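Chain by chain, the residues:
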Amino acid sequence: MTADSPPTAPSSPSQSSSDQPARLSLLARDVRDYDPARFQTNLFAPAARREDLMALHAFHVELARIAGTVSEALIGQMRYQWWRDQVNSACDGKGPILGHPVGEGVNAVIQTYGLDREALLSIIDARETDLEVQPFATEEDMVCHARVSSGALNGMAARVVGITAPETLAAAEDIGTAWGLLDLVGPCALEARRGRLTLPADLCAEAGVTVETLARPEGGEAARKPLRRVMDLVQGHLLSARRLRGAVKMDQASPFLMARLCWHYIDVVKKCDYFPNDPRALVVPRMPIRLFLSAIARRF
């Protein structure tokens, strides 16, 4: 397989640590505070590309936060439409609305790397479904949602660090899809207490799981089977991506390091015996040394 760009030594995370907030941009602080998984992996990107990744992921943070900060769905829909307008403006080569740091940042990233309009709009569409309380009807619906949101986002991050080979970009999307699935089902018990079922409805019906039962501390017993099934789907995407790891250079590793976080999280869920009410399932691990070693060895 052809290489996407010449290899260079990976950036050391110690040069841009979350323990040095004064050295972080506003966008990087947003990602650190609201998306710690992607913040960790971004620190391993080359310094020249790191802030572009932070801008891309700060854009996603803005989208992900909307549903939880509005009192009415209509207000949320208006905000998502505002972001559609910003994406279309950037893709048409127009400038951003000045004074909005995330808008300015993502506008520059879209124009610099020629990010795909439809993929960006699909991320917005997927995040807009957060305003709804209806569960995914099937596991296929859940996977589709994860792929067009988190999967597409990780594919764009791979473009930012210089990946161009279609198969390698697809591997990055597989890893993003895996994380998107974990992001949905990891906090499923917490989401149930908020009135939202994030496990697929067909798997839940088969196991006798409802949003009411899952919301109760003891209600996670029946959810073990659907949660295990989703974890199998996550592993499938990770294993599909793993066969492309030889094509990833050290300075391109950051989007692929999400796989290391996925594998760690799978191990945590297994230790919880697939019990979704276990509080350990809500913790995003901080593992800079393991990520650094993975970047060196290109192991994901």
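All of these numbers come straight from a predicted model, not from anything done at the bench.

About the cut-offs
- Note that residues are indexed from 1 along each chain, following the sequence as it is written.
- Residues qualify for local features only when their pLDDT is at least 70, as the model is predicted, and side-chain atom pairs are given and counted only at 80 or more; totals for whole chains, interfaces and linings, by contrast, use all residues.
- Excluded from the side-chain calculation are hydrogens and water; included are all heavy atoms of the structure.
- Think of pLDDT as the predictor's per-residue confidence, scored from 0 to 100.
- Where helices and strands are cited, they refer to DSSP runs of H or I of at least four residues and of E of at least two residues respectively, numbered from the N terminus.
- Two residues form a contact once any of their heavy atoms are found within 4.5 Å.
- Relative accessible area decides the class of each residue, using a 1.4 Å probe on protein chains only: under 20% of the type maximum gives buried, over 50% gives exposed, and in between gives partly exposed.
- Every case where a carboxyl oxygen of Asp or Glu lies within 4 Å of a side-chain nitrogen of Lys or Arg is listed as a salt bridge.
- For Phe, Tyr and Trp, rings pair up if their centres lie within 6.5 Å, where Trp contributes its six-membered ring, and each pair is then called stacked (planes under 30 degrees apart), edge-to-face (over 60) or tilted (otherwise).
- Within this scheme, the nonpolar core is defined by two criteria: the residues are buried Ala, Val, Leu, Ile, Met, Phe, Trp, Tyr or Cys, and they are joined through side-chain atoms within 4.5 Å.
- Directions pointing from the helix axis toward each C-beta atom define the arc.
- To estimate the expected span of a helix, subtract one from its residue number and multiply by 1.5 Å.

(A) Representation of the confidence of the model for the protein chain within the structure. Here the protein chain averages 89 in pLDDT, and 93% of its residues register 70 or above. Across the protein chain, element-level confidence peaks in helix 7 (residues 139-160) with a mean pLDDT of 97 and bottoms out in helix 14 (residues 288-297) with 83. Here residues 1-22 is a poorly scored stretch, pLDDT under 50, and it has 47 contacts once near neighbours within four places are set aside; other chains count.

(B) A look at the environment of valine 234. Residue placement: valine 234 occurs in helix 12 (residues 224-242). Measuring from C-alpha to C-alpha, the distance between valine 234 and glutamate 62 comes to 25 Å, with 172 residues separating the pair along the chain. When near neighbours in sequence (up to four residues on either side) are disregarded, valine 234 contacts Ala178, Leu181, Leu182 and Ile266.

(C) Here's a closer look at unusual backbone geometry. In this structure, aspartate 273 is a non-glycine residue whose phi angle is positive, near 55°. Here aspartate 273 lies in the loop between helix 13 (258-271) and helix 14. On the basis of relative accessible area, aspartate 273 is assigned to the partly exposed category, the value being 42%. Even without glycine at this site, tyrosine 274 takes up a positive phi of about 60°. Checked against the element boundaries, tyrosine 274 lands in the loop between helix 13 and helix 14.

(D) The arrangement of the environment of threonine 138 in detail. As for its placement among the helices and strands, threonine 138 is situated in the loop between helix 6 (117-128) and helix 7. For threonine 138, a relative accessible area of 24% gives the class partly exposed. Between the C-alpha atoms of threonine 138 and proline 200, which are 62 residues apart in sequence, the distance is 5.1 Å.

(E) How the structure looks around the pattern of salt bridges. What the rule picks out here adds up to 16 salt bridges. The partner of aspartate 33 in a salt bridge is arginine 32, with the nearest N and O atoms 2.9 Å apart. By relative accessible area, which is 47% here, aspartate 33 ends up partly exposed. For arginine 224, the salt bridge identified is with glutamate 221, shortest N-O distance 3.0 Å. Here glutamate 221 falls in the partly exposed class, since its relative accessible area comes to 46%. Put simply, Arg84, Asp125 and Glu128 are held in one network by salt bridges that share partners.

(F) Representation of the packing of aromatic side chains in the model. Enumeration over the complete set of coordinates arrives at 3 aromatic pairs. Taking 5.5 Å as the distance between ring centres and 70° as the angle between the ring planes, the aromatic pair formed by phenylalanine 59 and tryptophan 83 counts as edge-to-face. With a gap of 24 residues between them, phenylalanine 59 in helix 3 (residues 47-69) and tryptophan 83 in helix 4 (residues 73-91) connect regions that are remote in the sequence. Assigned by exposure class, phenylalanine 59 and tryptophan 83 land together as buried. Between phenylalanine 256 and phenylalanine 300, the aromatic rings sit 5.2 Å apart at their centres with planes inclined by 35°, giving tilted as the arrangement. Of the two residues, phenylalanine 256 is situated in the loop between helix 12 and helix 13 and phenylalanine 300 in the segment after helix 14; the sequence distance between them amounts to 44 residues. Ring-pair connections join several aromatic residues into one group, and the members of that group are Phe59, Trp82 and Trp83.

(G) Region of interest: the nonpolar core. Residues Phe59, Leu199, Met231 and Leu238 are the most contacted members of the largest nonpolar core, which totals 90 residues. For this core, the leading source of residues is helix 8 (residues 166-185), giving 10 residues. Setting aside its immediate chain neighbours within four residues, phenylalanine 59 contacts Trp83, Val87, Val102, Val106, Leu120 and Ile124.

(H) Quick peek at helix 14. Buried within helix 14 are the following residues: Leu291, Ser294 and Ala295. Around the axis of helix 14, the buried residues are gathered within 100° of arc, so they sit on the same side. Across helix 14 from its buried face, at more than 90 degrees, point the exposed residues Ile289 and Leu293. Where helix 14 is buried, its residues meet helix 2 (36-42) and helix 13. Phi turns positive, to about 55°, at arginine 298, one or two residues after helix 14.

(I) Geometry of helix 4. With 19 residues, helix 4 extends 27 Å between its outermost C-alpha atoms, agreeing within 8% with the 27 Å of an ideal straight helix rising 1.5 Å per residue. All buried positions along helix 4 are accounted for by Gly76, Tyr80, Trp83, Arg84, Gln86, Val87, Ser89 and Ala90. Glycine 93 occupies a position one or two residues after helix 4 and carries a positive phi of about 80°.

(J) Local environment of the environment of aspartate 30. Looking at where aspartate 30 falls in the secondary structure, it is placed in helix 1 (residues 26-34). Expressed as a C-alpha distance, the spacing of aspartate 30 and proline 279, which sit 249 residues apart in the sequence, is 24 Å. In this view, aspartate 30 contacts Asp35, Val61, Glu62 and Val102; residues no more than four positions away in its chain are not counted.

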